[in-house]
Amino acid sequence: MRPHNMTVIDRAAVYAALLALMLMLGIVSAGNSQAEMRKDILRLVTQSGEHAFQVEVAESPEEKSRGLMFRRSLADDAGMLFPYEPPQEASMWMKNTYISLDMVFIRADGTVHRVEPGTEPFSEAVISSGGTVSAVLELKAGTAARIGLKAGDKAVHGLFKPKR
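Residues numbered from 1 in each chain as written. Predicted model: local features only at pLDDT ≥ 70, side-chain atom pairs only at ≥ 80, totals over all residues. Heavy atoms only, no water.

**Focus: the pattern of salt bridges**
Stated formally: We define a salt bridge as a side-chain nitrogen of Lys or Arg found within 4 Å of a carboxyl oxygen belonging to Asp or Glu. Numbered from the N terminus, helices here are DSSP runs of H or I no shorter than four residues, and strands are runs of E no shorter than two. Between buried and exposed lies partly exposed: a residue is buried under 20% and exposed over 50% of the maximum accessible area for its type, with that area taken using a 1.4 Å probe on protein chains only.
Applying the stated criterion to the full structure yields eight salt bridges. Note that R38 and E59 form a salt bridge whose closest N and O atoms lie 3.1 Å from each other. Separated by 21 residues along the polypeptide, R38 in strand 1 (residues 38-46) and E59 in the loop between strand 2 (49-57) and helix 2 (61-66) bring together distant segments of the chain. Here R38 falls in the partly exposed class, since its relative accessible area comes to 36%. You can call E59 partly exposed: its relative accessible area is 42%.

Structure, rendered in structure tokens:
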């Protein structure tokens with residue numbers, strides 16, 4: 001069959017097959033915007049001291065929607081920060097997320113509102129902040145327990161404005 005005689009459905013099937021092959025071979029990207037996310041340092045101050053984390057900042061709606069989905073690992077000193085302006089009730093989930101996470105819900109002044117430890121990979125259950133927050137920090141599961149992070153502790157980052 002000559003290409004100009006192909007039906008629209010035949011062409012669509014050929015293009016879909018070619019795209020799938022190129023994705024498998026790594027010739028094109030599936031749109032992993034995480035490589036372009038801004039990186040920054042965030043510090044958590046707990047009773048055990050100050051702990052620095054290299055965080056990716058998910059600022060755009062696309063970055064927030066993707067988050068840590070499809071990642072297979074996360075370094076002990078890494079995380080992802082999801083800022084919200086204005087502060088609001090935040091809801092997260094673990095859809096397409098391979099690794100268990102600790103979710104840290106942070107108020108506008110940098111106070112940790114609450115911690116959801118050890119979230120379940122691939123779960124579509126909604127994890128709510130349970131109050132108004134200006135950011136959610138995702139860390140490797142077990143990090144909060146390791147550093148003794150709890151509600152009332154402080155996050156230090158340019159996003160947060162401490163009360164005077």
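Moving on from the model shown.
**Thoughts on the packing of aromatic side chains**
The relation between two aromatic rings is expressed through the spacing of the ring centres and the mutual angle of the planes. Here is the rule: Paired rings are identified among Phe, Tyr and Trp, the last through its six-membered ring, by centres lying within 6.5 Å, and are further divided according to the angle between planes into stacked (under 30 degrees), edge-to-face (over 60) and tilted (the rest). As a reminder, the over-ring test applies to NZ of lysine and CZ of arginine, requiring each to be within 6 Å of the ring centre and within 35 degrees of the ring normal.
In total, this model carries one aromatic pair according to the counting rule given. Ring plane angle 75° and centroid distance 4.8 Å describe the contact between Y98 and F122, whose orientation is recorded as edge-to-face. With Y98 in the loop between strand 3 (78-92) and strand 4 (101-106) and F122 in the loop between strand 5 (112-116) and strand 6 (127-140), the pair connects residues that are 24 residues apart, well separated along the chain. Over the aromatic face of Y84 sits the side chain of K64, whose NZ or CZ is 4.5 Å from the ring centroid. Positioned over the ring face of Y98 is R72, at 3.7 Å from the centre of the ring.

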